[in-house]
Amino acid sequence: QVQLVESGGGLVQAGGSPRLSCAASGRTFSTYGMGWFRQAPGKERGFVAVISSSGVYTNYADSVKGRFTISRDNAKNTVYLQMNSLKPEDTAVYYCAASLKTTSRRTDYVYWGQGTQVTVSS
């Protein structure tokens, strides 16, 4: 069992650079691939970024590539999402999730956090 708690969201001006954190419980964090997803009002939850269990491999959605960076600290059981050059269209609830795979497919993720709201003002 893994419990995930996101933090770091809030109201941000366009062009801002907040960092989201996701703290995980349990001693098996380092065995999971970790992903970030987001859901805007009226839209489906979509893939943002993924990082492998070791942290060596990362992948991003085209819409955030070059602006967002995913990282993890297995000693702290935490995964991060550094967001730069935010745009109003990045406004969404951001969720972290854990999977036994390194994958962008939402259905492969077995544990989810409660989400943190990021609102980007223009």
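Bear in mind the structure is a predicted one, so any value in this text is a computation, not a measurement.

About the cut-offs
Residues numbered from 1 in each chain as written. Predicted model: local features only at pLDDT ≥ 70, side-chain atom pairs only at ≥ 80, totals over all residues. Heavy atoms only, no water. Helix = DSSP H or I, 4+ residues; strand = E, 2+ residues; numbered from the N terminus. Rg over C-alpha atoms; globule rule 2.2 N^0.38 Å. Buried < 20%, exposed > 50% of the residue type's maximum accessible area, 1.4 Å probe, protein only. Contact = heavy atoms within 4.5 Å. Areas by Shrake-Rupley, 256 points an atom, 1.4 Å probe, with all protein chains shown as cover. Pairing = 2+ DSSP bridges. Axes fitted to C-alpha atoms, helices over the stretch in contact; angles between N-to-C directions.

Participant: Describe in detail the overall build of the protein, supporting the description with residues and values.
Facilitator: When helices and strands are tallied, the protein shows zero helices and eleven strands. Each helix and strand of the protein, placed in order from N terminus to C terminus, yields the pattern β-β-β-β-β-β-β-β-β-β-β. On C-alpha atoms alone, the protein measures out to a radius of gyration of 13 Å, which is about the 14 Å that the 2.2 N^0.38 rule sets for 122 residues. Judged by the C-alpha coordinates and their principal axes, the protein covers about 40 × 25 × 25 Å. Classification of the 122 residues of the protein by burial places 46% in the buried group. Considering only contacts in the protein between residues 6 or more positions apart, those separated by 24 or more positions represent 57%. In the form shown here, the protein has an accessible surface area of approximately 6,200 Å², with 47% of it arising from carbon and sulfur atoms.

Participant: Talk me through the environment of Ser104; I want residue IDs and the actual numbers.
Facilitator: Along the polypeptide, Ser104 turns up in the loop between strand S9 (92-99) and strand S10 (109-112). Taking the C-alpha atoms as reference points, Ser104 and Ala75, 29 residues apart in sequence, are found 24 Å from one another. Among all residues touching Ser104, those that are not within four sequence positions of it are Phe37 and Phe47.

Participant: Describe the sheet that holds strand S3 (residues 19-24), naming the residues involved and giving the relevant values.
Facilitator: Read from one edge of the open sheet, four strands run S1-S3-S8-S7, paired in antiparallel fashion. A single partner strand is all that each edge strand has here, and the edge strands are strand S1 (4-7) and strand S7 (68-73). Taken pair by pair, the neighbouring strands of this sheet meet at an average axis angle of 15°, ignoring direction. Bridging between S1 and S3 involves four bridges; their strand directions are antiparallel.

Participant: For unusual backbone geometry, give the residues involved together with the corresponding values.
Facilitator: Look at Asn77: it is not a glycine, yet its phi comes out positive at around 55°. Within the element layout of this structure, Asn77 appears in the loop between S7 and strand S8 (78-83). Positive phi, normally seen in glycine, also occurs at Ser85, with a value near 50°. Among the structural elements, Ser85 can be located in the loop between S8 and S9. For Ser85, a relative accessible area of 41% gives the class partly exposed.

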